[in-house]
Each structure stands twice: as C-alpha cells, then as structure tokens.
Amino acid sequence: MSSKSKTQYVMAVLLIVSSIAIAFYQVLDIDNVADGTLIYIAQAFLLAGSIFGLDYYIRKLNLFINEHSQKDSSSGDEKQQSP
C-alpha cells in the first residue's frame, strides 16, 4: 500500500470521526444539531465514501480486465493447437 493511499484512508477516517464528534458535541451542548453541521456531515461522508468506493471500484475493474485478457490469450492458444 502506497503512502498516498494510506493518507487517503487516514483522511477519510478522520472526516467520519470528526463529523460524528461534532454532532455528538452539539447534541450534548445545545440539544440540537445545526444545519451547517449536517451539511458538514453529509459532505464528509460523501467524500469518505468516494475515497473508499473509488478504490474498491478500480480494484474490481482491474481484476475484471485481467480475467478477460487471460481468457482471450488462453483461447487463442487452444485454437493454434492441433487436435
């Protein structure tokens, strides 16, 4: 795992934890969650989800491409062999 992806994961987790902490603090302090906090929570979860989701999607796409390229190359070998 590269340092870039580690940094992305750490930042995604920090976004989620900070949004939960801010909401918890506001509930304890003023018994309500302000609109601005809800917008921050939504944006933080959206960004964190995109970080995790995009990496997962790219890994699955690469796996799919590699499987199909191996099938294509193996089927070409079978056609060249004589019975």
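Here we summarise the structure given alongside this text. (Residues numbered from 1 in each chain as written. Predicted model: local features only at pLDDT ≥ 70, side-chain atom pairs only at ≥ 80, totals over all residues. Heavy atoms only, no water.)

Notes on the overall build of the protein chain
Here's step 1: Tallying secondary structure elements over the protein chain gives two helices and zero strands in all.
Here's step 2: Looking at the 83 residues of the protein chain, the share that counts as buried comes to 14%.
Here's step 3: Pairs at least 24 residues apart make up 55% of the contacts formed inside the protein chain by residues separated by at least 6 positions.
Here's step 4: Here the protein chain displays about 6,800 Å² of accessible surface, and carbon together with sulfur accounts for 64% of that area. (Helix = DSSP H or I, 4+ residues; strand = E, 2+ residues; numbered from the N terminus. Buried < 20%, exposed > 50% of the residue type's maximum accessible area, 1.4 Å probe, protein only. Contact = heavy atoms within 4.5 Å. Areas by Shrake-Rupley, 256 points an atom, 1.4 Å probe, with all protein chains shown as cover.)

Some thoughts on helix α1 (residues 3–30)
Here's step 1: Compared with the 40 Å implied by 1.5 Å per residue over 28 residues, the 40 Å span of α1 between its first and last C-alpha is a close match.
Here's step 2: Every buried residue belonging to α1 is among Ser5, Tyr9, Ala12, Leu15, Ser19, Ala23 and Gln26, and all of these are buried.
Here's step 3: Just downstream of α1, Asp31 is the residue with a positive phi angle, here 55 degrees. (Expected span 1.5 Å × (residues − 1).)

Notes on the side chain of Gln26
Here's step 1: Note on placement: Gln26 falls in helix α1.
Here's step 2: For Gln26, a relative accessible area of 17% puts it in the buried group.
Here's step 3: Within polar-contact distance, the side chain of Gln26 engages the side chain of Thr37 at 2.9 Å.
Here's step 4: Contact partners of Gln26, with chain neighbours within four places excluded, come to Asp31, Asn32, Val33, Ala34 and Thr37. (Polar contact = N/O pair within 3.5 Å; in protein donor to acceptor, adjacent residues only side chain to side chain.)

Regarding unusual backbone geometry
Here's step 1: Even without being a glycine, Asp31 presents a positive backbone phi close to 55 degrees.
Here's step 2: Inspection of the secondary structure assignment puts Asp31 in the loop between α1 and α2 (35–80).
Here's step 3: According to the relative accessible area criterion, Asp31 is exposed, its value standing at 67%.

What about the side chain of Ser19?
Here's step 1: Looking at the element boundaries, Ser19 is found in helix α1.
Here's step 2: Take Ser19: its relative accessible area is 1%, and that puts it in the buried class.
Here's step 3: Here Ile16 takes part through its backbone oxygen, which lies 2.8 Å from a polar atom of the side chain of Ser19.

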